[in-house]
Number of protein chains: 2
Amino acid sequence: MGAPGPRRLLLVSNSTLRGGGYLGHCQQHVRSFLGQKVKRVLFIPYALHDRDAYAKTAREKFESLGYGLDSIHDSPDPVEAVRKSEAIFIGGGNTFRLLKALYDNSLLQEIRKRVLEDGIPYMGSSAGTNVATFSINTTNDMPIVYPPSLQALGLVPFNINPHYLDPDVNSTHMGETRAERILQYHEEPNTPPVLGLREGAMLLVEGDKATLQGVTGARLFLRGEKPTEHEPGTDFSFLLTDGNSQKP
Amino acid sequence: MGAPGPRRLLLVSNSTLRGGGYLGHCQQHVRSFLGQKVKRVLFIPYALHDRDAYAKTAREKFESLGYGLDSIHDSPDPVEAVRKSEAIFIGGGNTFRLLKALYDNSLLQEIRKRVLEDGIPYMGSSAGTNVATFSINTTNDMPIVYPPSLQALGLVPFNINPHYLDPDVNSTHMGETRAERILQYHEEPNTPPVLGLREGAMLLVEGDKATLQGVTGARLFLRGEKPTEHEPGTDFSFLLTDGNSQKP
């Protein structure tokens, strides 16, 4: 973790921004992230129930950007599909369902190897961003299934809260705000930083450099400290250094 | 499950309603539920980090209603505390943290026995309502810790979604609505009914009779069927009959 490497990640908060189509708000980032060398993307649709329909949506979008797309659920051997992939995209949906399917198909180790050792690009959106991080302890999703662990791919040594939402001062609802939920996580011992990525924001990781992209900014939660606000363009590379991640 | 028995439960959606104090909106229900025979309530504060502060808040409220309160975290032997309890109240907070602590302290079996066999009254609020049901698969909380299972006390054979929230038609946020999340749960096989209890609503169970109380109503989700709306006073006894719970 955090050692120099060819790691390349695009971790997007949300698949669809109000008023735009699927991945519409981040398509320029996707194109510049994948570049011209990648020809085909391996799509992992496990977070949604209807995998065929999901693959169709994703395929249409990636083809419009000039990339072929293979969905892992069409492959007879998912581990082999990861082994042969040039780039991986894990889409949003329910994070618990997604992580359980990754475990059930024994994919975590192979994805880690492809991304961290072989350096193929990894893109995640929403739940696909959650599973790229240290753990899914800060997902917003309902625990509709029980994965064998909440530990995730660990492509970065911290957590992300996608769809980060500021408190609504006009709400009469008494459920905890998002910030309160993250602070509850940090009441537990040895919990890593949590980056709250608003809808419209994404994190680009190139080796040991991490940069906040998109237009909406992010809120960073470090255990025992006050949350801080960060503008697009912020250099978050310090979060990639394990153990040093409690202080910027 | 569902067999005739002395089971007595008061399952409250939320501890505090906007504009009222702790348990203010349901205090008449609490008093009529506990009655005059109960002298002391055993409080389980595991859902919040600061157990001393939480017990103080709960104690003040219950004393104002004429009941003594002992917090289980002050007891050297939590199992023995349950064994000797006259009534149990589990308060809200983080459902994962609460359920994990119940497992860690080996309390599930003993609480089940006291409530289902010995017939002592059980009151839950929010997370305390979640853990009373079949499982915590439909909690709204963040999975800040990993309990050994999502199966809960099973005092009723269905699930509850507390703080149930209707979709906000004016929201631009793209996260799933509460109804969409519950429908995702029902995409999984063999999932029980989910009762969405709005803030201000509660379910009273007396033996094999279940009645919706409070003022805000509830929404019932049965797997494969359209959700239905229910007014205060609705008889939900059919949900207590295991296996028959898919059709009203």
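Per an unreviewed UniProt entry, chain A is named dipeptidase E, and its organism is Chelydra serpentina. Comment text from UniProt for chain A, heading Subcellular location (unreviewed entry), reads "Cytoplasm". Recorded in UniProt under Function (unreviewed entry), the annotation for chain A is "Hydrolyzes dipeptides containing N-terminal aspartate residues."

It is worth spelling out the overall build of chain A at this point. Secondary structure assignment for chain A yields 7 helices and 11 strands. Rg of the C-alpha trace for chain A: 17 Å, near the compact-globule value of 18 Å for 248 residues, within the 12% margin. Each of the three principal axes of chain A carries a C-alpha extent, and together these read 45 × 40 × 35 Å. The buried share of chain A, reckoned over its 248 residues, is 57%. The contacts of chain A with a sequence gap of at least 6 include a subset with a gap of at least 24, amounting to 68%. For chain A, the computed accessible surface area is about 9,800 Å², with 50% contributed by carbon and sulfur atoms.

Another aspect to go through is the interface of chain B and chain A. Contact with chain B, which involves 42 residues of that partner, is made by 42 residues of chain A. Between chain B and chain A, a total of about 3,600 Å² is buried, with carbon and sulfur atoms accounting for 55% of that surface. On the chain B side of the interface with chain A, the three residues burying the most area are B:Met142, B:Tyr146 and B:Met174, jointly 21% of the side's total. Counting the contacts that link chain B with chain A gives 6 salt bridges. Between B:Glu187 and A:Arg97 there is a salt bridge, and its shortest N-O distance comes to 2.7 Å. In this structure, the connection of chain B to chain A is made through 19 residue pairs in polar contact (both at pLDDT 80 or more).

Turning our eyes to something else, we now look at the sheet that holds strand E3 (residues 68–71) of chain A. All names here are of chain A. Judged by pairing direction, the sheet is mixed, and its 7 strands sit side by side in the order E3-E2-E4-E5-E1-E8-E9 without closing on themselves. Whereas interior strands pair on both sides, the edge strands pair on one side only; in this sheet they are E3 and strand E9 (209–214). Between one strand axis and the next, the sheet turns by 20° as a mean value, whatever way the strands run. Two elements, strand E1 (residues 8–12) and strand E8 (residues 201–206), share 5 bridges in a ladder whose sense is antiparallel. Each residue of the ladder has a partner; that of arginine 8, found in E8, is glutamate 206. With respect to the sheet, helix H2 (residues 51–64) is in contact with strand E2 (40–44), E3, strand E4 (88–90) and strand E5 (122–125), its orientation differing from that of E3 by roughly 165°.

Let us look at the side chain of B:Arg97. Within the secondary structure, B:Arg97 is located in helix H4 (residues 95–104). In terms of polar contacts, B:Arg97 uses its side chain to reach the backbone carbonyl oxygen of A:Gln184, at 3.2 Å. The contacts of B:Arg97, once residues within four sequence positions are left out, are A:Gln184, A:Glu187, A:Glu188, B:Tyr46, B:Ala47, B:Leu48, B:His49, B:Ile144 and B:Val145.

Calculation rules
Residues numbered from 1 in each chain as written. Chains lettered and ligands numbered in written order. Predicted model: local features only at pLDDT ≥ 70, side-chain atom pairs only at ≥ 80, totals over all residues. Heavy atoms only, no water. UniProt positions renumbered as here; feature names shortened; annotations may be inferred. Helix = DSSP H or I, 4+ residues; strand = E, 2+ residues; numbered from the N terminus. Rg over C-alpha atoms; globule rule 2.2 N^0.38 Å. Buried < 20%, exposed > 50% of the residue type's maximum accessible area, 1.4 Å probe, protein only. Contact = heavy atoms within 4.5 Å. Areas by Shrake-Rupley, 256 points an atom, 1.4 Å probe, with all protein chains shown as cover. Buried area = accessible area lost by both parts, 1.4 Å probe. Salt bridge = Lys/Arg side-chain N within 4 Å of Asp/Glu carboxyl O. Polar contact = N/O pair within 3.5 Å; in protein donor to acceptor, adjacent residues only side chain to side chain. Pairing = 2+ DSSP bridges. Axes fitted to C-alpha atoms, helices over the stretch in contact; angles between N-to-C directions.

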